[in-house]
Amino acid sequence: MSTAIRVSSTANAKELRAKIEARTAKVGIIGMGYVGLPLALLFSEREFPVTGFDIDTKKVNSLNSGKSYIYRITETEIAAARQKSFSATADYSRAAEMDAIIICVPTPLDEYREPDLSYIRETAKAIAPHLSPGQLIILESTTYPGTTQEVLIPILEAGNSAGLTAAREGADSGRVFFVAFSPEREDPGNDTIARRDIPKVVGGLNPTSSDLAGALYHSIFNRIVPVSSPAAAEMTKLLENIYRCINIALVNELKMLCLRMGINIWEVIDAASTKPFGFHPFYPGPGLGGHCIPVDPYYLSWKAKEFDFQAKFIELAGEINTYMPYHVVNSVAAALNTHKKALNGSNILVLGLAYKKDIDDLRESPGLAILEELQQRGVKVCYNDPYFPTVGRGRKYNLHMTCTPLDNLAQYDCVLIVTDHSDYDYQRIVRESQLVVDTRNATRGIQSEKIVHC
Ligand SMILES: NC(=O)c1ccc[n+]([C@@H]2O[C@H](COP(=O)([O-])OP(=O)(O)OC[C@H]3O[C@@H](n4cnc5c(N)ncnc54)[C@H](O)[C@@H]3O)[C@@H](O)[C@H]2O)c1
């Protein structure tokens, strides 16, 4: 490799770094969803010229006309970003204009509960022809360790006719683009920590890529945590989510045992939480939901098989958490039984469908599995959730239901609390209902024989 070529790559990096410092670096964010849109707004707030890319033209049109489709993002925020030159597009050729591209596309499981990387592959194929030397490409989608190096980079390298390659240690030519992985760590609905105070983990393919990605994120996050490789950054995200998944499974299992033993698990967790070291509380519920915790652990257990390794904790936690919606329905049947009623033919109102309180996200929500199971067991079921006026068809369900007003609660044989939204008046709900089955301890502090915890 000639010195002249090596200087050229360094020059690329220096130029990009200068643009980042001057906030003139053009940032393209691919995937205008729950992760990509807030990220775009953060960069825009800090005066970066930002372009949002999405294949969903409805989202593109909404953003370009100043509308928001995510509950917690206001139109005022979109309007402010629009004034600062933020725009959205479905046209991938505009990727060529960007100095940095951050990929935030979905990483679901397929029908066999195996990683579905099709969105990452399609995105990589779409941007590859438009890559230019010195661009920084960052993957944020949660995925198994190795995706950036084994999936993303080969597609980017094969798909660009200019012969560009990813900048690697010891192969630092001028015809390179820089690559890093940096996981998203958002906690939807949690307002106690500002987004910029959440440390950002960054793993570049080589030190220059790490430095550039770190510099870009440092413009919007207060603390950058560099790790040695994209795979280490990918694994960091999975460790965090698997830790949650396994601990939630543990409390769910202990809850079922406590119910049998006549012990209140919530009281026990509160008491254990007073320990000033070595204990972090997790809370039981009707099952796992959201795009991350029910999905991400399987990315690792799938990858582990390639190394003849069984990730047993993940499988066991999955088994317990997947059972929880069925535990809820069985508990409702048992509660009705004490009222000399059968589940089949009963009238049940499900309160809350979102996968956690105070958010407008239904993905993988246990509420959907509970609705379906109740229907299959002959229940006349309806739901109320202020965040969802209707529930139609999703990847795994087909419900076609409309939100029922919270009137005349005495008409239901049972009111089942699945999501403990803060807007609900639980005193009133207990007072007016015949029977309340509470999966979240939402009725904490209310004394009534009508309440059954499950
Ligand atoms: N939502 C969260 O709280 C959260 C938290 C941490 C990590 N993540 C991870 O972030 C990633 C994105 O999640 P999300 O919640 O934002 O998903 P999302 O479904 O809300 O948004 C993804 C967006 O990508 C778009 N898209 C799909 N294919 C595309 C393509 N080829 N080109 C352009 N756009 C495309 C979709 O239309 C959609 O708007 C996932 O890997 C997820 O696991 C999500």
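Source: prediction; values computed, not measured.

What counts, and at which threshold
- Residues numbered from 1 in each chain as written.
- Predicted model: local features only at pLDDT ≥ 70, side-chain atom pairs only at ≥ 80, totals over all residues.
- Heavy atoms only, no water.
- Axes fitted to C-alpha atoms, helices over the stretch in contact; angles between N-to-C directions.
- Helix = DSSP H or I, 4+ residues; strand = E, 2+ residues; numbered from the N terminus.
- Parallel < 35°, antiparallel > 145°, perpendicular 65-115°, else oblique.
- Left-handed = near helix turned anticlockwise from the far one by under 90°.
- Contact = heavy atoms within 4.5 Å.
- Nonpolar A, V, L, I, M, F, W, Y, C, P; charged D, E, K, R; others polar.
- Pairing = 2+ DSSP bridges.
- Right-handed = clockwise from strand over helix to strand, strands pointing away.
- Core = buried A, V, L, I, M, F, W, Y, C linked by side-chain atoms within 4.5 Å.
- Buried < 20%, exposed > 50% of the residue type's maximum accessible area, 1.4 Å probe, protein only.
- Near = heavy atom within 4 Å.
- Polar contact = N/O pair within 3.5 Å; in protein donor to acceptor, adjacent residues only side chain to side chain.
- Areas by Shrake-Rupley, 256 points an atom, 1.4 Å probe, with all protein chains shown as cover.
- Salt bridge = Lys/Arg side-chain N within 4 Å of Asp/Glu carboxyl O.

Student: Would you take a moment to explain the packing of helix α2 (residues 36–45) against helix α4 (residues 75–83) for this structure?
Tutor: How two helices sit against one another is set out by the angle between their axes and by the gap between those axes. Where α2 meets α4, the closest approach of the two axes is 9 Å, and the angle between their N-to-C directions is 50°. Judged by the inter-axis angle, α2 sits oblique to α4. Relative to α4, the crossing made by α2 is left-handed. Touching L37, L41 and S44 of α2 are E77, I78 and A81, all from α4. Residues of the contact of α2 with α4, tallied by class, amount to four nonpolar, one polar and one charged.

Student: How should the pairing of strand β9 (residues 224–227) be read in this particular structure?
Tutor: A regular strand carries its side chains on alternate faces of the sheet. Sheet analysis places strand β8 (residues 200–204) next to β9, joined by four bridges and oriented parallel. Residue pairing across strands places G203 opposite V227, the latter belonging to β9. For the handedness criterion, the β-α-β arrangement of β8, helix α7 (residues 207–218) and β9 is classed as right-handed.

Student: Which parts of the structure should I look at to understand the sheet that holds strand β15 (residues 436–438)?
Tutor: What links the strands of a sheet is backbone hydrogen bonding, and the strands pair in either a parallel or an antiparallel sense. Pairing within the open sheet is parallel, and its five strands lie in the order β11-β10-β14-β15-β16. Sheet topology places β11 (380–384) and β16 (451–453) at the edges, where each strand pairs with a single neighbour. Between one strand and the next, the sheet's axes are offset by a mean angle of 20°, whatever the strand orientation. Summarising the sheet, strand β10 (residues 347–351) and strand β14 (residues 414–417) pair through four bridges and their orientation is parallel. Within the sheet, the bridge partner assigned to L349 lies in β14 and is V415.

Student: When you look at the nonpolar core in this model, what are you seeing that I'm missing?
Tutor: Side chains that are nonpolar tend, in soluble globular proteins, to be buried together. I29, L37, F43, I102, L136 and L216 are the most contacted members of the largest nonpolar core, which totals 40 residues. With six residues, α2 is the largest single contributor of residues to this core. When residues no more than four places from it in sequence are discounted, the contact partners of I102 are V27, G28, I29, I30, L39, F43, I138, E140, L216 and Y217. I30, I120, A128 and V179 belong to the second-largest nonpolar core, a separate cluster that totals 34 residues.

Student: Help me understand unusual backbone geometry in this model?
Tutor: What is expected of a backbone is that most residues other than glycine have negative phi and most peptide bonds are trans. If you check the backbone angles, K340 has positive phi at about 60° while not being a glycine. In this fold, K340 is placed in the loop between α11 (312–338) and β10. K340 sits in the exposed class, given a relative accessible area of 80%. One non-glycine residue, E364, lies in positive phi territory at about 55°. Given the relative accessible area of 23%, E364 is considered partly exposed.

Student: Where do I start with the pairing of β14 in this structure?
Tutor: Because side chains alternate across β14, one face comprises the buried residues C414 and L416, and the other comprises V415 and I417, equally buried. Two elements, β14 and β15, share three bridges in a ladder whose sense is parallel. Bridged to I417 within β15 is D438. Running through helix α13 (residues 426–432), the crossover from β14 to the neighbouring parallel element β15 is right-handed.

Student: I keep staring at the site of the ligand and nothing clicks. Help me out?
Tutor: Around the ligand sit 26 residues, and of these V35, D54, K59, Y92 and T107 come closest. One of the backbone N or O atoms of I55 is found 3.5 Å from a nitrogen atom in the ligand. In this structure, T107 approaches the ligand through a side-chain N or O atom, which is 2.6 Å from an oxygen atom. Protein contacts shield 93% of the accessible area of the ligand, which totals 820 Å² for the unbound molecule.

Student: Please explain the pattern of salt bridges as it appears in this structure.
Tutor: Pairing between side chains of opposite charge can happen when the charged atoms of each approach one another. A full pass over the atoms with the stated rule returns 20 salt bridges. For E45, the salt bridge identified is with R196, shortest N-O distance 3.5 Å. With a gap of 151 residues between them, E45 in helix α2 and R196 in the loop between β7 (176–181) and β8 connect regions that are remote in the sequence. A relative accessible area of 28% places R196 in the partly exposed class. Note that E373 is salt-bridged to R377, the shortest N-O span being 3.5 Å. Here the residues in one salt-bridge network are E15, K19 and D99, joined through shared partners.

Just distances and angles here, no functional claims.
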